[in-house]
Amino acid sequence: MREAHDNLGKMIIFWPSKNIALVIPLILLAGFITGLFINTLALKVLILPITVLMIYPTMIGFKPQEVFNISHGRLMFSAALLNFILVPLLAYGLGTAFLLRDPQLFAGLAITALLPTSNMTIAFTMLAKGNVPAAIKLTTSGLLLGSILAPWYLYLMVGKYVPVDILLTLKTISIVILLPLIAGMFTYNWLLRTMSQAEFKKKIKPFLPAASSWGMVAIIFISMSMNAKRIAEHLDIFFIALFVQIVFYAVNYLIAIFTGRWFFTENDAKTLIFSTVLRNLSISIGLAATAFGANAALMVSLAFLIQGQAAAWFIKLNERYHWLIRPEKTNS
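Please read these numbers as outputs of a predicted model, since none were measured by experiment.

So, how was this worked out
- Residues numbered from 1 in each chain as written.
- Predicted model: local features only at pLDDT ≥ 70, side-chain atom pairs only at ≥ 80, totals over all residues.
- Heavy atoms only, no water.
- Helix = DSSP H or I, 4+ residues; strand = E, 2+ residues; numbered from the N terminus.
- Rg over C-alpha atoms; globule rule 2.2 N^0.38 Å.
- Buried < 20%, exposed > 50% of the residue type's maximum accessible area, 1.4 Å probe, protein only.
- Contact = heavy atoms within 4.5 Å.
- Lys, Arg positive; Asp, Glu negative; His and termini not counted.
- Charge placed at Lys NZ, Arg CZ, Asp CG, Glu CD.
- Core = buried A, V, L, I, M, F, W, Y, C linked by side-chain atoms within 4.5 Å.
- Expected span 1.5 Å × (residues − 1).
- 1 Å grid on protein atoms, 1.4 Å probe; cavity = no way out; pocket = protein on both sides within 12 Å on 5 of 7 lines; lining within 4 Å.
- Points joined across faces, edges and corners; volume = space filled by probe spheres on them.
- Nonpolar A, V, L, I, M, F, W, Y, C, P; charged D, E, K, R; others polar.

1. What about the overall build of the protein chain?
Here is step 1: Scanning the protein chain from N- to C-terminus turns up 15 helices and 0 strands.
Here is step 2: Its C-alpha atoms give the protein chain a radius of gyration of 20 Å, near enough to 20 Å, the size a compact globule of 332 residues would have.
Here is step 3: Each principal axis of the C-alpha atoms in the protein chain carries an extent, and together these give about 60 × 55 × 40 Å.
Here is step 4: Taken across its 332 residues, the protein chain has 48% of its residues classed as buried.
Here is step 5: If you take every contact in the protein chain between residues at least 6 apart in sequence, the share linking residues at least 24 apart comes to 82%.
Here is step 6: Charge-centre separation for the protein chain: the mean point of 25 positive side chains lies 3 Å from the mean point of 12 negative side chains.

Shown next as structure tokens:
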């Protein structure tokens, strides 16, 4: 009886993280229907604490010292070039072309573009049999560099169209990233005093992304419900936002595939791709909701619909068509 109860508990805990492609549309729909009939603006105060609690599990076991390891220099430089120059330029171009009617959506796209890499980078690199040590380093450096640059980039990209308070954004990033990072490091050190690293990886680590996914579900629900009536009145804005996110990811993949194919080995190319096309949506949605508002968070929510499925399809299609192998290597 107890074993069945434990299994049910695990099933509930892991359900959002294991069924993300189903969960996100359901939560968007549930939030939309709820928001049409109930005013959920009072829930806005919960977004920041939920965000902190959502990011905290992902920071347990995070190793900032990886940034200062000088190996994989060319790969790190190329990822930084894509993540902090080409991808923001892509977002800026799409935002000025399609989203000036609603600058908050533009801000949400900008935030998505400015915070690269997450645990998904490491997970998909592992699934694709890429360079996992480099993926860990790129995830660490991308998060820290993105946190420093994001407020200034936001000011340059969308400050003309929507108020960007740099000090407030820095404060929000400090709360959303640094607070969970410090708490996560202390928690990890404390856990290693009570168990081995192998026990941590077996007993604790699998539950961390699952715990974060529930925070993500809550933020998406609140953001969508707060925005529901406006979306119902302006469905065209919703579909334009979805279209822009699809184009953003498609062009991002094309740039990353081209760069990886011509300048790196296949394994390093896979790492480059997953460290530049996968954005840190968990932090992005919290920052968007707290610093800009519901429309900005909606823009990030739409990225959740695309990101995981696109990465899974890329692995399947690359295995079939070998996009990352240069023609001369195929003939040899």
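2. Examining the environment of Met-299
Here is step 1: Structurally, the position occupied by Met-299 is in helix α14 (residues 294-321).
Here is step 2: On the accessibility criterion, Met-299 (0% relative accessible area) is buried.
Here is step 3: Counting along the chain gives 224 residues from Met-299 to Leu-75, while the straight-line C-alpha distance between them is 30 Å.
Here is step 4: In contact with Met-299, other than residues within four places in its own chain, are Leu-99, Leu-105, Gly-108, Leu-109, Ala-241, Val-244 and Gln-245.

3. Describing the nonpolar core
Here is step 1: Formed by 66 residues in total, the largest nonpolar core has its most connected members in Val-158 and Phe-248.
Here is step 2: Examining the composition of this core, we find that 10 residues originate from one element, α14, more than from any other.
Here is step 3: For Val-158, the contacting residues outside a window of four places in its chain are Phe-106, Ala-107, Ala-110 and Val-164.
Here is step 4: If you look at the next biggest cluster of nonpolar residues, it comprises 22 residues, including Met-76, Tyr-253, Ala-256 and Phe-274.

4. So, α14
Here is step 1: In this model, α14 (28 residues) spans 40 Å end to end at C-alpha, consistent with the 40 Å of a helix rising 1.5 Å per residue.
Here is step 2: Directly beyond the C-terminal end of α14, a positive phi value near 55° is found at His-322.

5. Some words on empty space enclosed by the protein
Here is step 1: Under the criterion given, the structure shown has 2 cavities of 30 Å³ or more.
Here is step 2: Around the largest cavity, the lining residues are Phe-98, Leu-99, Arg-101, Asp-102, Leu-105, Ile-237 and Ile-240.
Here is step 3: Residues of the lining of the largest cavity, tallied by class, amount to 5 nonpolar, no polar and 2 charged.
Here is step 4: Going through the elements one at a time, α10 (207-233) and α14 are the ones with two or more residues in the lining of the second largest cavity.
Here is step 5: Broken down by element, the residue count for the lining of the second largest cavity peaks at 3 residues, all from α10.
Here is step 6: Counted by class, the lining of the second largest cavity contains 4 nonpolar, 3 polar and 2 charged residues.

6. Quick notes on the layout of surface pockets
Here is step 1: By volume, the largest pocket is sized at about 1600 Å³.
Here is step 2: Considering the residues around the largest pocket, the lining is formed by 49 residues, among which Ser-118, Asn-119, Met-120, Ala-123 and Pro-209 are closest to the centre.
Here is step 3: The element contributing the most residues to the lining of the largest pocket is helix α6 (residues 119-127), with 7 residues.
Here is step 4: Residue composition of the lining of the largest pocket, grouped by class: 27 nonpolar, 16 polar and 6 charged.

7. A short note on helix α5 (residues 103-114)
Here is step 1: Relative to the 16 Å expected for 12 residues at 1.5 Å per residue, α5 spans 16 Å between its end C-alpha atoms, a close match to the ideal helical length.
Here is step 2: Here α5 lies mainly inside the structure; 10 of its 12 residues are buried.
Here is step 3: Three or more residues of α5 are buried, namely Leu-105, Phe-106, Ala-107, Gly-108, Leu-109, Ala-110, Ile-111, Thr-112, Ala-113 and Leu-114.
Here is step 4: Tucked into the core, α5 has its buried residues touching α4 (73-98), α7 (132-158), α11 (235-263), α13 (281-291) and α14.

8. Quick notes on unusual backbone geometry
Here is step 1: Although it is not a glycine, Lys-129 adopts a positive phi angle of roughly 60°.
Here is step 2: Structurally, the position occupied by Lys-129 is in the loop between α6 and α7.
Here is step 3: Here Lys-129 falls in the exposed class, since its relative accessible area comes to 63%.
Here is step 4: Backbone geometry places His-322, a non-glycine residue, at a positive phi of 55°.
Here is step 5: Structurally, His-322 is set in the loop between α14 and α15 (327-331).
Here is step 6: With a relative accessible area of 40%, His-322 lands in the partly exposed category.

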